[in-house]
2 protein chains.
Amino acid sequence: MEFNYFMPTRVIMGGDCVVKNRALLGELGKKALVVSGKNSARINGSYDDVAKALAANGQTHVLFDRVMSNPTVDCACDAAELIRREGCDFVIGIGGGSPMDAAKAAAALALAAVDRAAVHGASYTRALPLVEIPTTAGTGSEVTQYAILTSQSGDLKKSIGSPVLFPRYAFLDPRYMRRLGRETTVNTAIDALSHSIEGMLTPRSSEMSNALARESIAIIAGLFDELVHMKKDDAGRAAASAAALSPEVREKLLLASTLAGMVIAQTGTALVHAMGYELTLEWATDHGRANGLLLGAFLKFVDERERAAGIPPRIPAICAALGAAGNSMTLDEFSRLLDKLLGVREKASCEQIEAWAQKSAATKNAKDAYISVQKSDIIRLFEQSLG
Amino acid sequence: MEFNYFMPTRVIMGGDCVVKNRALLGELGKKALVVSGKNSARINGSYDDVAKALAANGQTHVLFDRVMSNPTVDCACDAAELIRREGCDFVIGIGGGSPMDAAKAAAALALAAVDRAAVHGASYTRALPLVEIPTTAGTGSEVTQYAILTSQSGDLKKSIGSPVLFPRYAFLDPRYMRRLGRETTVNTAIDALSHSIEGMLTPRSSEMSNALARESIAIIAGLFDELVHMKKDDAGRAAASAAALSPEVREKLLLASTLAGMVIAQTGTALVHAMGYELTLEWATDHGRANGLLLGAFLKFVDERERAAGIPPRIPAICAALGAAGNSMTLDEFSRLLDKLLGVREKASCEQIEAWAQKSAATKNAKDAYISVQKSDIIRLFEQSLG
């Protein structure tokens, strides 16, 4: 057994935790850059809480609310420039993975003399104090040392990573998720699930990371029924009242996604994420959905390979965690469940698949796999998932 | 759900991990104080590894090998004085909980102007960089912010605690445990188990700490047979060869004890620890054994109280984690198992119990309980355990 476990972020969960713990923010400096997307941080109350906490501390802030889905290198560099121009002492990211990752990258870029073209290759040894406040329950970015940025050319999603990117604080307030619609709720839950499952299928997985992963998987598995039966309203959003998830379910989803973040902070992700990025780059498929589309086929592939190679199998522990009351879930059952959550699948052409497989096969996640993966395998996985 | 999770120590596990990761030590300064007990760090190879790693880095060290079982305030202050006199830059603790706790306290005391009489009451805001290397699998001190010190008068075991006491690094090398005898192995395993179980029964337990606790309990429960059947040699130690535990079992026990440490870093301990300290102070009962003697009766007491109060019960989750293959272990089964592990129990007089109960009832752990505990309850628990 060998592992190297590190997750130094202080994680604070609870309703109103930002305002209740504003004294912690008070120690970080005089002026904050608050990083968010266009609207959601205002709608769900998280921005108001942050503004209230900072004002009560006598701290000022500047808002950078221009983070798009799948933030670009330029976006992060713009935020970093704003930090320097305004003399901000610390950074607060509010949102799903996109604003949180942009905030993280900006906190490092503000202290690094890195050319925009070199952001992905650079190494980061310092960052401004960073606070992350998730408003979805999926990314886990609030407890990782990674920020995923899309290249300027728009054809590459890739992470920058450094221990200095671990946030100082992660504030988990499930109230910010109460009005999330079915689509976002399901997609982000699948993202979290995929983090934990993939984390168990990497060369860096360990008994330590697996312990966290099993817990995270089991929590989400216990909520599959809730997710499947969550109602859509006309706009594809959850009806606000009875159809919405209970606060307890929101809490559990948030805990599970944070646990899953702690997993990938140790292990990184696996082939599903590398492949899923291609769907997102080309089709703008939501990140969690992209993972979900690929996850079922991937698990069956790993299962076959493990059996053929006669190596200690990892799939059974995943099936056990997915099951209830001591009964494992089969991979077929899990695939059917994903189908229910995802609905009608996108279709890809042979040309698309060929091009995606070419790129996916060249990624670290593909080369790094504990079972060998060829381009032909990746083609087959895309075909099974999107054929 | 509310919690505040923090455990910033980097945990590195694996055979030869100290030497392999010596570069990490290299960043901590020029001169180390190495803190250990009299002999064991030399016998199990841990001191040699540390000396080799430091020498290879061109670092010097001073050895403070005078830590007794249940280290006193004086011991920690003496180590702190040595740090100051020798100009040490960082501290490495090697051993069971006693040397690790003494090292931890010394790292803070070296930077604090605290009178020996005020060590327990002081607050600590700085500490020298600290590395902990456990040589038993029980205390979890390598991942906590606590150091337990016995008062100068010898009648009080009490912790000092501060976030600055979290070690920078914990190196977990299960090879240091391979020659531990049955008694130490069993007692330390019980200590770890008690940490996780008590951690689930405090006001500060949360879904997050419980997730770690369940994993830790399940790992140890999976090794109950190995522990029960571990052979003694004539000196009460494990026979060196076939009778000893396998490296895999040693690894698992170490992982479980570190997970349990991560639990109590969040929750603290409960009444069992507070009561157990009395046995250790008066009889020099090994710390883990003291907890084991009290744990069975305590769980039955909590179970009764939970039922009577009609509060959400916590005992079932503990029994589930103790059980195998989806079957819970009953509290009676667990008590019988503890009996097998502990052998003949010590007997206490009514006067002793009265005095101990008086002191235990005044502790934070007793007052802090999520179920109310009276002195009369504590008397009954001592009687049931040692009557």
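Owing to the predicted nature of the structure, the values given are computational and were not obtained by experimental measurement.

**Considering the confidence of the model for chain A**
Taken as a whole, chain A shows an average pLDDT of 94; of its residues, 97% reach a score of 70 or greater. Taken over the whole predicted complex, pTM reads 0.95, whereas the ipTM for its chain interfaces reads 0.93.

**Focus: the sheet that holds strand 2 (residues 10-13) of chain A**
An order of 4(A)-3(A)-5(A)-6(A)-9(A)-2(A)-1(B) is seen for the 7 strands of this open sheet, with the pairing classed as mixed. The outermost strands of the open sheet, each flanked by one partner alone, are strand 4 (60-64) of chain A together with strand 1 (3-5) of chain B. Going across the sheet, the axis of each strand differs from the next one's by a mean of 15°, ignoring polarity. Taken together, the 3 bridges between strand 2 of chain A and strand 1 of chain B define a ladder with antiparallel strand orientation. Bridge pairing links Ile12(A) to Asn4(B) in strand 1 of chain B.

**Some details on helix 8 (residues 207-221) of chain B**
An α-helix turns once per 3.6 residues; consequently, residues spaced three or four apart project the same way. With 15 residues, helix 8 of chain B extends 20 Å between its outermost C-alpha atoms, agreeing within 8% with the 21 Å of an ideal straight helix rising 1.5 Å per residue. Of all 15 residues that make up helix 8 of chain B, 12 are buried, and the element is covered over most of its length.

**Observations concerning the relation of the copies chain A and chain B**
With an RMSD of 0.0 Å, chain A superimposes on chain B once it is rotated by 180° and translated 0.0 Å along the axis. Expressed as an axis order, the relation between the two copies is that of a two-fold axis. When each C-alpha of chain A is compared by its distance to the rotation axis, Pro8(A) comes out closest, at 1.9 Å. Comparing interface residues between copies, 100% of those in chain A also lie at the interface in chain B; the contact surface is shared.

**Observations concerning the sheet that holds strand 1 (residues 3-5) of chain A**
With mixed pairing, 7 strands are arranged side by side in an open sheet as 1(A)-2(B)-9(B)-6(B)-5(B)-3(B)-4(B). Pairing within the sheet leaves two strands with one partner each, and these edge strands are strand 1 of chain A together with strand 4 (60-64) of chain B. Adjacent strand axes in the sheet meet at a mean angle of 15° when their direction is disregarded. When strand 5 (residues 90-95) of chain B meets strand 6 (residues 130-134) of chain B, the two strands line up parallel, connected through 5 bridges. Bridge pairing in strand 6 of chain B places Val91(B) opposite Leu130(B).

**Quick notes on the packing of helix 15 (residues 350-361) of chain A against helix 17 (residues 375-386) of chain A**
Residues and elements named next belong to chain A. Two elements in contact, helix 15 and helix 17, have axes separated by 9 Å at closest approach and are oriented at 130°. Considered as vectors, helix 15 and helix 17 are oriented oblique to each other. By crossing handedness, the relation of helix 15 to helix 17 is classed as right-handed. Within the contact between the two elements, helix 15 uses Ile-353, Glu-354, Trp-356, Ala-357, Gln-358, Ser-360 and Ala-361 and helix 17 uses Lys-375, Ile-378, Ile-379, Phe-382, Glu-383 and Leu-386. For the contact of helix 15 with helix 17, the per-class residue count stands at 8 nonpolar, 2 polar and 3 charged.

**Let's talk about the pattern of salt bridges**
Following the criterion strictly, the structure yields 36 salt bridges over all chains and no others. One salt bridge connects Arg307(B) with Asp303(B), and the closest N-O pair in it is separated by 3.2 Å. Within this pair, Arg307(B) and its partner Asp303(B) are both found in helix 12 (residues 287-309), separated by 4 residues, close to a single helical turn. Exposure remark for Arg307(B): the relative accessible area of 64% places this residue in the exposed category. Since its relative accessible area comes to 17%, Asp303(B) is described here as buried. Among the ionic contacts, a cluster of salt bridges with common partners joins Asp16(A), Asp49(A), Asp173(A) and Arg175(A).

Basis of the calculations
Residues numbered from 1 in each chain as written. Chains lettered and ligands numbered in written order. Predicted model: local features only at pLDDT ≥ 70, side-chain atom pairs only at ≥ 80, totals over all residues. Heavy atoms only, no water. pLDDT = per-residue confidence, 0-100. Pairing = 2+ DSSP bridges. Helix = DSSP H or I, 4+ residues; strand = E, 2+ residues; numbered from the N terminus. Axes fitted to C-alpha atoms, helices over the stretch in contact; angles between N-to-C directions. Expected span 1.5 Å × (residues − 1). Buried < 20%, exposed > 50% of the residue type's maximum accessible area, 1.4 Å probe, protein only. Least-squares fit on C-alpha atoms with pLDDT ≥ 70 in both. Contact = heavy atoms within 4.5 Å. Parallel < 35°, antiparallel > 145°, perpendicular 65-115°, else oblique. Left-handed = near helix turned anticlockwise from the far one by under 90°. Nonpolar A, V, L, I, M, F, W, Y, C, P; charged D, E, K, R; others polar. Salt bridge = Lys/Arg side-chain N within 4 Å of Asp/Glu carboxyl O.

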